[in-house]
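Observations on chain architecture
Residue strings, one per chain:
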Amino acid sequence: MKAKVYPLNTMVSETSIWASPFCLHLEIICASLAKGTSTIKMLVESEDINTTIKWCENLGATIKKVNNKLIIKGVNNEIKFSSSLFISDGTSVTAKLMLPLLSIVSQPFGIKANEDVLHELDSLSYFYDTYGISHYLENEMIRFESIMNCVEAEFDGSIDIYLSAGILIALPLLNGSSSFRLRAPVRSERSYNLILKILKNYKIDIKHPATMRYEISGNQKYKSCNITTEIDNYYLSILALLSHKIEEDAFLRIINYRPNKLSNEYLLFNFMCEHIATFKKYFPSNSLKRKELDYHKIELNVENSLPFLMVLGVINTKDTIITRVDFSNYHIKKQFDIMEKSFKKLDLKYTCYNNEIVVSPGKIRSKKQLNCHHDPYVAIALSILALLSDFPIVIKNVECIFNVYKDFFNRLLDYGATIEFIHDN
């Protein structure tokens, strides 16, 4: 499917914030493992969330959607596959989160996915080697046959946050104790505190005796709880960027803001509040108001934020340096390659120096057609770029956005955007 996204004339005056997909994934998995029935409020619909629900149901959990919440009866910490085949229809998010958990069960299993997801999973050799997990590719599937071991593990600080979360979910269920250490510098550092907070809600205790070192006792039990998912600071950052389409003396009311300062996405939103928009806290609502752009350097410390940061660089009034770009990371390199093709087609300027990208200010000079190559965060970034530009952009394969935010385009339409959808024959 293609979407022709037109420049946005002006923003609406009021909106609400979605729940954090990252938090929701973790809460669904923890509740599915727990003894008893849990309730999770503030549901955000997406294909990735539906995949996580299906995989947890395959572990034996009973999950019901009721209005804007999930009611989950867990497996009482006793995992047994109803099917040894797990299917990933969208991104690699569910697979990375649940792969460690599946690997502690004494049952062989397979993950069926598209070529990109299989390639990304196959590239996690540092994880497989550390925990003694054997795997092999077979046609459109990756198979696993060995059980995850208790070890003192040490990883590079750039390890994928979804995989890290999956490891920390799985280790407390092993028979023995283990440790998990990260080498500096650590990307997504704040998000580890958020992971520990969610695990603590489900009665899992992980000791944190030193900077980026975690001690995990085995034979722990997940217990049910009722929880309201934290808000999505990544989406709030998108709104801060779109605030530049708000009239000069107007503002955007945020009607359900609740601070979520533990995630790395909060750092992104905090940066936006310092340099892109003014965020004021009132009761019972909060507001975003545009301000003059003022920034020079941005750290890449949030998963999947590189496309968004490159768009930020385009709308700036001076060159923008994006630092801590790990081009050896498969996922980051893939997103950069897609954005690089888009920039060349749009005649936008950038340069690379080691682990930095310098993006120059630019304008879209004519209507262009771009391909997001099924990456939802690239598709989101290109959609935002179109809304902020002077000419429309046609984006191919935008249905991938539904993996992350099912109602993304509906929200843009509510904000006053004009979007034409072209379905492929």
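Above this note sits the structure.
All of these numbers come straight from a predicted model, not from anything done at the bench. (Residues numbered from 1 in each chain as written. Predicted model: local features only at pLDDT ≥ 70, side-chain atom pairs only at ≥ 80, totals over all residues. Heavy atoms only, no water.)

**Here we look at the overall build of the chain**
When helices and strands are tallied, the chain shows 13 helices and 24 strands. Against the compact-globule benchmark of 22 Å for 425 residues, the chain has a radius of gyration of 21 Å, which places it among compact chains. Based on the C-alpha atoms only, the size of the chain along its principal axes is roughly 60 × 50 × 45 Å. Here the chain holds 425 residues, and 58% of them are scored as buried. Considering only contacts in the chain between residues 6 or more positions apart, those separated by 24 or more positions represent 75%. As presented, the chain carries roughly 17,500 Å² of accessible surface, and 46% of it is formed by carbon and sulfur atoms. Charged side chains in the chain number 49 positive and 47 negative. The centres of these two groups are separated by 5 Å. (Helix = DSSP H or I, 4+ residues; strand = E, 2+ residues; numbered from the N terminus. Rg over C-alpha atoms; globule rule 2.2 N^0.38 Å. Buried < 20%, exposed > 50% of the residue type's maximum accessible area, 1.4 Å probe, protein only. Contact = heavy atoms within 4.5 Å. Areas by Shrake-Rupley, 256 points an atom, 1.4 Å probe, with all protein chains shown as cover. Lys, Arg positive; Asp, Glu negative; His and termini not counted. Charge placed at Lys NZ, Arg CZ, Asp CG, Glu CD.)

**Quick look at the layout of surface pockets**
Here the largest pocket is characterised by a volume of approximately 430 Å³. The wall of the largest pocket is formed by 30 residues, among which Gly90, Thr91, Ser92, His374 and Pro376 lie closest to the centre. Counting only elements with at least two residues in the lining of the largest pocket, the list comes to helix 1 (21-33), helix 3 (93-102), helix 4 (115-122), helix 11 (330-346) and helix 12 (376-388). Considering each element in turn, the lining of the largest pocket owes the most residues, four residues, to helix 11. (1 Å grid on protein atoms, 1.4 Å probe; cavity = no way out; pocket = protein on both sides within 12 Å on 5 of 7 lines; lining within 4 Å. Points joined across faces, edges and corners; volume = space filled by probe spheres on them.)

**So, the packing of aromatic side chains**
Given two aromatic rings, their pairing is described by the distance between the two centres and the angle made by the two planes. A full pass over the atoms with the stated rule returns 29 aromatic pairs. Taken together, a centroid distance of 5.3 Å and an interplanar angle of 80 degrees make the contact between phenylalanine 409 and phenylalanine 421 edge-to-face. Here phenylalanine 409 is found in helix 13 (residues 408-414), whereas its partner phenylalanine 421 is found in strand 24 (residues 419-422), with 12 residues between them in sequence. When its relative accessible area of 35% is taken as the criterion, phenylalanine 421 is described as partly exposed. Positioned above the aromatic ring of tryptophan 18, the side-chain terminus of arginine 411 is 4.6 Å from the ring centre. (Phe/Tyr/Trp six-rings, centres within 6.5 Å; stacked < 30°, edge-to-face > 60°. Lys NZ or Arg CZ within 6 Å of the ring centre and 35° of its normal.)

**Considerations on a positive patch on the surface**
A cluster of basic side chains, namely Lys35, Lys200, Lys203 and Lys223, defines a positive patch on the protein surface. For lysine 200, a relative accessible area of 62% puts it in the exposed group. (Patch = residues over 30% accessible without salt bridge, like charges linked within 9 Å, V, L, I, M, F, W, Y side chains within 5 Å. Salt bridge = Lys/Arg side-chain N within 4 Å of Asp/Glu carboxyl O.)

**Remarks on the packing of helix 1 against helix 6 (residues 161-170)**
Where helix 1 contacts helix 6, the axes come no closer than 11 Å and their chain directions differ by 20 degrees. What the angle tells us is that helix 1 and helix 6 run roughly parallel. Where helix 1 crosses over helix 6, the two elements pack in a sense that is right-handed. On helix 6, the residues touching Phe22, Leu26, Ile29, Cys30 and Leu33 of helix 1 are Ile161, Tyr162, Ala165 and Ile169. In terms of residue class, the contact of helix 1 with helix 6 is made up of nine nonpolar, no polar and no charged. (Axes fitted to C-alpha atoms, helices over the stretch in contact; angles between N-to-C directions. Parallel < 35°, antiparallel > 145°, perpendicular 65-115°, else oblique. Left-handed = near helix turned anticlockwise from the far one by under 90°. Nonpolar A, V, L, I, M, F, W, Y, C, P; charged D, E, K, R; others polar.)

**Let's talk about the sheet that holds strand 6 (residues 85-87)**
Two modes of strand pairing occur in sheets, parallel and antiparallel, and in both the strands are linked by backbone hydrogen bonds. Spatial ordering of the open sheet is given by 6-7-9-8, a layout of four strands whose pairing is mixed. Two strands lie at the open edges of the sheet, namely strand 6 and strand 8 (135-138), each paired on one side alone. Across the sheet, the mean angle separating the axes of adjacent strands is 25 degrees when strand polarity is ignored. Direction of pairing for strand 7 (residues 109-112) relative to strand 9 (residues 141-144): antiparallel, over a ladder of four bridges. Within the sheet, the bridge partner assigned to phenylalanine 109 lies in strand 9 and is phenylalanine 144. In the packing of helix 3 onto the sheet, the strands contacted are strand 6, strand 7 and strand 9, and the crossing angle to strand 7 comes to about 170 degrees. Across the face of the sheet, helix 4 comes into contact with strand 7, strand 8 and strand 9 while running at roughly 35 degrees to strand 9. (Pairing = 2+ DSSP bridges.)

**Remarks on the sheet that holds strand 5 (residues 69-73)**
One open sheet accounts for four strands, arranged 4-5-3-14; its pairing is mixed. If you trace the sheet from one side to the other, it starts and ends with strand 4 (62-66) and strand 14 (226-228), each paired once. Averaged over all pairs of adjacent strands, the angle between strand axes in this sheet comes to 15 degrees, irrespective of strand direction. As paired strands, strand 3 (residues 37-41) and strand 5 are joined by five bridges and run antiparallel to one another. From the neighbouring strand, lysine 41 faces strand 5, where its bridge partner is lysine 69. Packing against the sheet, helix 2 (residues 47-58) makes contact with strand 4 and strand 5, and its axis sits at approximately 145 degrees to strand 4.

**Let's talk about the pairing of strand 8**
The pairing of strand 8 with strand 9 spans four bridges and is antiparallel. What sits directly across from tyrosine 136, in strand 9, is arginine 143.

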